[in-house]
Amino acid sequence: MTTDSAGLQVLSPDECIALLASVPIGRIVYTDRALPAVQPVSFHLDGERIIIRTSRGSKLALAAGDAVVAFQTDEYDAESGTGWSVTVVGRAKSVVDPDEVMALGRLPLNPWAPVGPDHFIVVDLQQLSGRRIQRQTVSS
């Protein structure tokens, strides 16, 4: 098991992908008017692509099309003191091909908020990293 300088377990790419697939909500980080913006989104992991469904005119749809974004998801259990975090960096692309839009519309993906006309954003997993925290036992 590899650990980082803070003592957190470094996850392998396969572990990161498995954890990404295990949760329905994440956060996308993009640029809005030259400032960082973070938005919670529901998503679906399709192979090595994150699929996000939003409305065509949303701030996210306008800002994240063909831009480098970060995506993060995690889980933490306060009672046990355990958890994990996975971060992805990749290029977000708006899906415009009607056949691909139709195919993505069949995925088990419910939007975070009510949406207007469907708009799909695909983020390729170009950089992937993850960490796991486990409660440290203090020896006396």
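Scroll up to find the structure.
Keep in mind that what you see is a predicted model, and the values were worked out from it rather than measured. Every chain is numbered independently, its residues counted from 1 as its sequence is written. The model is predicted, so local features are restricted to residues of pLDDT at least 70 and side-chain atom pairs to those at 80 or more, both for listing and for counting; the totals for chains, interfaces and linings are taken over all residues. Neither water nor hydrogens contribute to the side-chain values; these are computed over all heavy atoms in the structure.

Turning our eyes to something else, we now look at the overall build of the protein. Starting at the N terminus, helices and strands are each numbered in turn, a helix being any DSSP run of H or I of at least four residues and a strand any DSSP run of E of at least two. For the protein, the count of helices and strands is three helices and eight strands. Across the protein, helices and strands are ordered from the amino to the carboxyl terminus as β-α-β-β-β-α-β-β-α-β-β. Only protein chains enter the calculation, and the probe is 1.4 Å; a residue is then buried if its accessible area is under 20% of its type maximum, exposed if over 50%, and partly exposed in between. Of all 140 residues assigned to the protein, the portion counted as buried reaches 34%. Across the protein, every contact between residues at least 6 apart in sequence was considered, and the portion connecting residues at least 24 apart equals 70%. Each accessible area is a Shrake-Rupley result for a 1.4 Å probe, and residues are judged covered by the shown protein chains and nothing else. Surface summary for the protein: the accessible area is close to 8300 Å², and the carbon and sulfur share equals 53%. Whether two residues are in contact is decided by their heavy atoms: any pair within 4.5 Å suffices.

With that settled, consider unusual backbone geometry. Although it is not a glycine, R33 sits at a positive phi angle of roughly 55 degrees. Among the structural elements, R33 can be located in the loop between β2 (25-32) and β3 (35-46).

In this text, buried Ala, Val, Leu, Ile, Met, Phe, Trp, Tyr and Cys residues form a nonpolar core when linked through side-chain atoms within 4.5 Å. If you look at the biggest cluster of nonpolar residues, it comprises 24 residues, and the most contacted ones within it are L20, I28, I50, I52, L60 and F71. Among the nonpolar cores identified, the runner-up in size contains seven residues, and I51, V95, L104 and L109 belong to it.

Within strand β7 (residues 118-124), five of the seven residues are buried, leaving the element largely enclosed by the surrounding structure. Two strands pair if DSSP finds at least two bridges between them. Relative to β7, strand β4 (residues 49-55) runs antiparallel, the two being bridged by seven bridges. Across the sheet, R49 pairs through a bridge with D124, a residue of β7. Direction of pairing for strand β6 (residues 82-94) relative to β7: antiparallel, over a ladder of three bridges.

Moving on, we get to the environment of I25. Secondary-structure assignment places I25 in strand β2. Owing to a relative accessible area of 29%, I25 belongs among the partly exposed residues under this scheme. Separated by 17 residues in sequence, I25 and S42 place their C-alpha atoms 4.4 Å apart.

We now examine the pattern of salt bridges. Counted as salt bridges are all cases of a side-chain nitrogen of Lys or Arg within 4 Å of a carboxyl oxygen of Asp or Glu. Counted according to the given criterion, the structure contains seven salt bridges. For R27, the salt bridge identified is with D74, shortest N-O distance 2.8 Å. Residue R27 is found in strand β2, and its partner D74 is found in strand β5 (residues 67-77); the two are separated by 47 residues along the sequence. R27 gets classed as partly exposed once you look at its relative accessible area, which sits at 26%. When the shortest N-O distance is used, the salt bridge between R49 and D46 registers 2.9 Å. Under the relative-accessibility criterion, R49 is labelled partly exposed at 22%. Salt bridges sharing common partners tie together D32, R33 and K59.

With that settled, the discussion passes to the pairing of β5. Relative to β5, β2 is paired through three bridges, and the arrangement is antiparallel. What sits directly across from I28, in β5, is F71. Inspection of the sheet shows β5 paired to β6 by eleven bridges, in the antiparallel sense. Paired with A70 across the strands is V89, a residue of β6.

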